[in-house]
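Read off the chains here:
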Amino acid sequence: MKVYIRQYAAGAAKANEFAVIIDVFRAFTVACYLFDQGAERIIAAREIETAHRLKKQHPGAVLIGERHAQKLPGFDFGNSPTEIQNIDFSGRLVIHTTHSGTRALTAAENASMVITGSFVNCGAIIDYIKQTAPTELSLVCSGHEGREPALEDILCAEYIRDTLTAASRGFENIRKTLKSSNTAKRFFDPADTASPATDFDLCLALDRFPFIIQRQTAGTDWCELKRVDL
């Protein structure tokens, strides 16, 4: 298996065969919590305008999203696992748009198999890759706002790659490294109410969920996601 670590939406567009689109802080962590709390479907939207258009088509849908880590005006929730962790989404359709994760996800047009990536379902991701045994695997780091490296995404990609080759580093070292990273600073800033400290721990709850999230149908600027239990 050839394994490539790629960056941003441009890297997602280069992915062939099997792609894991990674966004640890926080898009695809949030998606896992949404499915665990009963969401029936998630539609990932590339742009804010896309999300509003889809909401008109599905008036009962829940709108979740952010830009610059801030909840979007008129949306039901921001992109925070803390904010949604006690909400019952049973049977609901969620429309989700974020600065980098959902954009990278919708850019992976050339890959035949696309799943999301985060630490909270990392073990299931690794098991599924082993079961599928692709000849080419792209681990795509969504990055900070889709334009700067995000250490959490890179370390998640490396953790998946190294575990597949039986050379994985200890996860506690990853946690310690990330706690002092630039992209985690906002979680420990009391003035940043959109990024509570509890988000850090919820995003790094390794292997909390035994399922993957797989891309299903897709349009030009959106794609539908499905929970697949292993």
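Higher on the page you've got the structure.
Within each chain, residues carry numbers counting from 1 in the order of the written sequence. Under the rules for a predicted model, residues below a pLDDT of 70 receive no local features and side-chain atom pairs below 80 are neither given nor counted, while totals for whole chains, interfaces and linings still include all residues. Side-chain numbers here rest on the full set of heavy atoms in the structure, without hydrogens or water.

Novice: What's the story with the environment of Leu34 in this structure? I'm lost.
Specialist: Runs of H or I in DSSP of at least four residues are treated as helices and runs of E of at least two as strands, each being numbered from the N terminus. Turning to its location among the elements, Leu34 is positioned in helix 2 (residues 27–36). Throughout, exposure labels follow a simple rule: accessible area from a 1.4 Å probe, protein chains only, divided by the maximum for the residue type, with under 20% read as buried, over 50% as exposed, and the rest as partly exposed. The class for Leu34 is buried, based on a relative accessible area of 0%. Contact criterion: two residues are considered in contact whenever any of their non-hydrogen atoms come within 4.5 Å of each other. Setting aside residues no more than four positions away along its own chain, Leu34 makes contact with Ala39, Ile42, Ile64, Ile84, Phe89 and Val94.

Novice: Hey, could you run me through the pairing of strand 7 (residues 113–117) in this one?
Specialist: Every regular strand shows the same layout, with side chains that alternate between the two sheet faces. Burial of strand 7 is extensive: four of the five residues sit out of reach of the surface. At least two bridges found by DSSP between two strands are what make those strands a pair. Here strand 2 (residues 18–22) runs beside strand 7; their pairing, made up of five bridges, is parallel. Each residue of the ladder has a partner; that of Ile22, found in strand 7, is Gly117.

Novice: It is not clear to me how the packing of aromatic side chains should be interpreted in this structure. Could you clarify?
Specialist: Aromatic ring pairs are described here by two measures, namely the spacing of the ring centres and the angle between the planes. Two rings belonging to Phe, Tyr or Trp (six-membered ring only in the last case) form a pair when the distance between their centres is within 6.5 Å. Interplanar angles under 30 degrees mark stacking, angles over 60 mark edge-to-face geometry, and anything in between is tilted. On inspection of all chains with the given rule, the structure shows 11 aromatic pairs. When the centroid spacing of 6.1 Å and the interplanar angle of 55 degrees are considered together, the rings of Phe18 and Tyr128 count as tilted. Here Tyr128 lies in helix 6 (residues 122–132) and Phe18 lies in strand 2, a separation of 110 residues in the sequence. Each member of the pair Phe18 and Tyr128 is classed as buried. Taking 5.8 Å as the distance between ring centres and 70 degrees as the angle between the ring planes, the aromatic pair formed by Phe77 and Phe89 counts as edge-to-face. In this pair, Phe77 is assigned in the loop between strand 5 (70–71) and helix 4 (81–84) and Phe89 in the loop between helix 4 and strand 6 (93–97), connecting sequence segments 12 residues apart. By the burial criterion, Phe77 is buried, and Phe89 matches it. In textbook terms, an aromatic cluster arises when at least three aromatic residues are bridged by ring pairs, as seen for Phe25, Phe187, Phe188 and Phe200.

Novice: Sorry if this is basic, but what is going on with the environment of Phe28 here?
Specialist: Examined against the element boundaries, Phe28 turns out to sit in helix 2. For Phe28, a relative accessible area of 1% puts it in the buried group. When the C-alpha atoms of Phe28 and Cys203 are compared, they prove to be 9.2 Å apart, with 175 residues separating the residues in sequence. The contact partners of Phe28, leaving out residues within four places of it in the chain, are Ile21, Ile22, Asp23, Gly101, Thr102, Leu105, Thr116, Gly117, Ser118 and Ser142.

Function cannot be read off these values alone, since they describe shape.
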